[in-house]
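Architecture at a glance
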Amino acid sequence: SSLVDGVSRGAETVTDKVSETLFDPTIRLGVTGLSRAGKTVFITALVAGLMNRNRMVQLEAERDGRIQSAFLQPQPDDTVPRFDFETHLAALTGPNPHWPESTRAVSELRLSLLVRPSGFLSGLKGPRRVHLDIVDYPGEWLLDLALLDKTYAQWSSDALERIQQRPQAAEFLAVSAQSDGGLPHDEPRAQALAATFANYLQTARRDGYSDCTPGRFLLPGDLAGSPVLTFAPLAAGKAPRGSLAREMERRFEAYKTRVVKPFFRDHFARIDRQVVLVDALTAIHNGPPAVEDMRRGLSDILAAFRPGRNAFLTRLLRGKRVEKILFAATKADHLHHHQHRQMADIIQALTNEAQSRAQFSGAETAALSIAALRATTEEMRTHNGADLPCVRGTLLDSGRQAAFYPGALPQDPQHLLAPARQGAQTWLDGEFQAMNFAPAALTLLPGEGPPHVRLDRAIEFLIGDRL
Ligand code: GDP
């Protein structure tokens, strides 16, 4: 039945494509990043920003007054959950502003824009309609791509090796030490292993680690409790027929074919433009191991955009490619603008390595530090005779107002990345604080700048050439 499914869906897509290309141009924009990177806030602010077109001066079509209107329309994919824009916007802009619920699974939203053409045609032709289909999906799901190349035995040994030293994995390691994969399969034992492993992944993710695959263990959605998510890595050993190890292996393979591949086929393969959001500040705050882990996680995410390295993806894409990729360090409003340059440099350095190797198969890339929604204002404070560039906002836990200096970011990003790569456990030159601010009520005064940081630049890079 899944084959029939695939065929009919394929047919639908084809007719969809024809009508879309014949009439209105469509841009499919993927928004991803690891959990809590800021996807939900980014999409909400992007859509609200385009609908109100308030303070979007870096968006050329808007500056030229060519965007006549922007409105939400029914999305093209009937079986994908709709991105819950109205609820998220109400959370952020209501009388009691709070952060919206984060991304749990894939969702979609169509924003249509009426745009007047530019140049000498502008006087002759009426406005065009351009559809922006925004597809929100967890970055964890992209990391799963690496699983496709691994057997269960390879994945197990990699995963076990990686977590040996991590305190978050203590309970799982204890349970797994008592589990002989060669013994007959026993469902409660499989469940205990899977549950403690999922627990480990959750805690590791909360503590800032990003290499937390299989991605669906973190965000299971309606697969929660199903066999396809009830497996865990086991130490190498005998695996006779009917054994626990044999069943785990079978489920690992099912995860690859029933969960990972369909995501890439149905969603990933259709994206034209992509933004990858990264919460680098939190990783820096959590110390060098978390930064090193972020570097590796990002490079694994980027592997999905260099399909030549993966046979499955190469076959799937058949030459189609993402045209533009933006790497954005989010929550730049946690830093005074004096430090934004350094933040962007860190993201640039993190992605450079991967970029120079394969140029992402021809995609145009950029790195920015942004805040989709500014929760702070800036101020200079003197401390021991020195000027400290601070930000002021409402603290999330106490509700109090505070000015805050997170710490110095190095001028050269390698001063952060190199010690992390070499296995340092703490930063040598002091700590780097992270704060959780509540979203500000929209009360910014004139002169305090727009309600975002460079969101308009991000949009210009991603879709400006198509407007
Ligand atoms: P998701 O898991 O990627 O969907 O992440 P969210 O969009 O839910 O963001 C996670 C959290 O990051 C939010 O609850 C906020 O606390 C914070 N956050 C996201 N974007 C911003 C921003 O632009 N500024 C600030 N100050 N915080 C943000």
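All figures in this text were calculated on a predicted structure; none of them were measured in a lab. (Residues numbered from 1 in each chain as written. Predicted model: local features only at pLDDT ≥ 70, side-chain atom pairs only at ≥ 80, totals over all residues. Heavy atoms only, no water.)

**Notes on the overall build of the protein**
The condition is simple: In this text, helices come from DSSP runs of H or I with a minimum length of four residues, and strands from runs of E with a minimum of two, each type numbered from the N-terminal end. A radius of gyration in this sense is built from C-alpha atoms; the matching globule rule multiplies 2.2 Å by the number of residues raised to 0.38. For every residue, the accessible area (1.4 Å probe, protein chains only) is compared with the maximum for its type, and the residue is labelled buried under 20%, exposed over 50%, or partly exposed between those bounds. Working definition of accessibility: Shrake-Rupley area with a 1.4 Å probe, residue cover restricted to the visible protein chains. Counting rule for charge: Lys and Arg are taken as positive, Asp and Glu as negative, and neither His nor the chain ends is counted. For this purpose, a charge sits on NZ of Lys, CZ of Arg, CG of Asp or CD of Glu.
What the protein contains, in helices and strands, is 15 helices and 10 strands. In terms of overall dimensions, the protein is globule-like: its C-alpha atoms have a radius of gyration of 23 Å, near the 23 Å expected for 467 residues. If you line up the protein on its principal axes, its C-alpha atoms span 75 × 65 × 45 Å. A total of 467 residues make up the protein; the buried ones form 52% of that total. Within the structure as shown, the protein displays about 21800 Å² of accessible surface, and the carbon and sulfur contribution to it stands at 52%. A distance of 4 Å separates the average location of the 54 positive side-chain charges in the protein from that of its 53 negative side-chain charges.

**Brief notes about the domain arrangement of the protein**
Put simply, the rule is: Where a domain begins and ends is set by an automatic assignment or by a domain database. Contacts are assigned to residue pairs with any non-hydrogen atoms lying within 4.5 Å of each other. Defined here as a combined quantity, buried area equals the accessible surface (1.4 Å probe) lost by two parts on assembly, summed across both. The working definition used for a salt bridge is a side-chain nitrogen of Lys or Arg within 4 Å of a carboxyl oxygen of Asp or Glu. Here a polar contact is taken to be a pair of N or O atoms separated by no more than 3.5 Å, where protein atoms must pair a possible hydrogen donor with a possible acceptor and residues adjacent in sequence count only if both atoms sit in side chains.
Examined at the domain level, the protein breaks down into domain 1 (24–137 + 270–374 + 447–466) and domain 2 (146–264). Distance from the C-alpha centre of domain 1 to the C-alpha centre of domain 2: 32 Å. In this assembly, 17 residues from domain 1 lie in contact with 14 residues from domain 2. Between domain 1 and domain 2 lies a buried interface of about 1400 Å² when both sides are counted; carbon and sulfur atoms form 59% of it. It is Arg 104, Asp 293 and Phe 312 in domain 1 that bury the most area against domain 2; as a group they hold 37% of the surface buried on that side. If you look at where domain 1 meets domain 2, you find one salt bridge. For Asp 293, the salt bridge is made with Arg 166, and the minimal N-O distance between the two is 3.8 Å. Between domain 1 and domain 2 we count one residue pair in polar contact (both at pLDDT 80 or more) in total. Where the side of domain 1 that touches domain 2 is concerned, the elements lending two or more residues are α11 (288–303) and α12 (311–317). For the side of domain 1 that touches domain 2, the element with the most residues is α11, which contributes five residues.

**What to know about α11**
Note the cut-off: To estimate the expected span of a helix, count its residues, drop one, and scale the result by 1.5 Å.
The end-to-end C-alpha distance of α11, which contains 16 residues, comes to 23 Å, matching closely the 22 Å that a straight helix rising 1.5 Å per residue would cover. Counting buried positions along α11 yields 12 of 16 residues, so the element is predominantly enclosed. Within the sequence span of α11, burial applies to Pro 288, Ala 290, Val 291, Glu 292, Asp 293, Met 294, Arg 295, Gly 297, Leu 298, Ile 301, Leu 302 and Ala 303.

**Looking at the nonpolar core**
How we decide: Here, the term nonpolar core denotes a set of buried Ala, Val, Leu, Ile, Met, Phe, Trp, Tyr and Cys residues that are joined through side-chain atoms within 4.5 Å.
In terms of nonpolar packing, the biggest core is built from 83 residues, with Tyr 137, Leu 142, Phe 264, Phe 268, Ile 284 and Phe 305 touching the most fellow members. Counting residues per element, this core draws most heavily on helix α9 (residues 244–266), which supplies nine residues. For this core, the domains that each give at least three residues are domain 1 (24–137 + 270–374 + 447–466) and domain 2 (146–264). Apart from the residues within four sequence positions on either side, Leu 142 is in contact with Thr 32, Tyr 137, Phe 263, Phe 264, Phe 268, Ile 301, Ala 304 and Phe 305. Counting residues in hydrophobic clusters, the runner-up holds 42 residues, among them Ala 61, Val 130, Val 275 and Ile 463.

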